[in-house]
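Coordinates in review
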Amino acid sequence: MKKGLGIILLSLVITLIGCAPDQNNSEPDPLDPNNRNPEMETNTNSSQRDQLGFVRYTQDEFNQNNAVEPKEIRIDRNEIADMITRILLQNPDFKEVATLVTDEEALIAFEASDNVSKETAIDNAERTAMSILPGYYTIHASNNRSLIQNIETLHYSVTENQDVDINPLVQEIVDTMRKDD
């Protein structure tokens, strides 16, 4: 009987020792907020880190970083235009889509199938752009197929000649889109 009780106590002690926290662990607990490493949080070299976007700063850290190296807030207009176009083309009601994103506006011209009304297609295009772009953007959409070529021409004229003032050209396309509504 004493032997059985001794085995049970020994098993219990070994189990408790095995479950005790390791105080000599050289790696900090990543979930402990006292062990934050800001450099580790912004390192995106790992493929696992590509699954999530996360940044955390205190006001002091933010002010300190901004004082040394103020960051300009930018968006990749080509990437945004590509996303809008690809999402719209996943809808079988859209046959062809051209999207142009400027600093303040998004222009979307498309050809839709006969299965969808003009109003519904324009609404879908505008809502798709709204879901991706910052809220201050003005979004214009039209099912005028000729505007697809106009948007493409505007894009290539700017890439070939960066001194061209795009504002009147964009406004001309916007005015045409408004007439079509």
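As a starting point, this report considers the structure included with it.

Rules behind the numbers
- Residues numbered from 1 in each chain as written.
- Predicted model: local features only at pLDDT ≥ 70, side-chain atom pairs only at ≥ 80, totals over all residues.
- Heavy atoms only, no water.
- Axes fitted to C-alpha atoms, helices over the stretch in contact; angles between N-to-C directions.
- Helix = DSSP H or I, 4+ residues; strand = E, 2+ residues; numbered from the N terminus.
- Parallel < 35°, antiparallel > 145°, perpendicular 65-115°, else oblique.
- Contact = heavy atoms within 4.5 Å.
- Nonpolar A, V, L, I, M, F, W, Y, C, P; charged D, E, K, R; others polar.
- Salt bridge = Lys/Arg side-chain N within 4 Å of Asp/Glu carboxyl O.
- Buried < 20%, exposed > 50% of the residue type's maximum accessible area, 1.4 Å probe, protein only.

Points about the packing of helix α6 (residues 146-160) against helix α7 (residues 166-180)
With their axes 11 Å apart at the nearest point, α6 and α7 run at an angle of 170° to one another. Considering their axes alone, α6 and α7 lie roughly antiparallel with respect to each other. The segment α6 lies against α7, with L147, N150, I151, L154 and V158 engaging I166, L169, V170, I173, T176, M177 and D180. Tallied by class, residues from the contact of α6 with α7 come to 9 nonpolar, 2 polar and 1 charged.

Thoughts on the pattern of salt bridges
Following the criterion strictly, the structure yields 5 salt bridges and no others. Ionic pairing is found between R77 and D103, a salt bridge with its closest N-O pair at 2.4 Å. Of this pair, R77 sits in helix α4 (residues 77-89) while D103 sits in the loop between β1 (94-101) and β2 (105-112), and the two are 26 residues apart along the sequence. For R77, a relative accessible area of 37% puts it in the partly exposed group. Close ionic contact of R145 with E111 constitutes a salt bridge, the shortest N to O distance being 2.8 Å. Of this pair, R145 sits in the loop between β3 (138-142) and α6 while E111 is found in strand β2, placing the two residues 34 residues apart along the sequence. Of the residues examined, R145 reaches a relative accessible area of 44% and is grouped as partly exposed. Sharing partners across several salt bridges, the network here consists of E96, E111 and R145.

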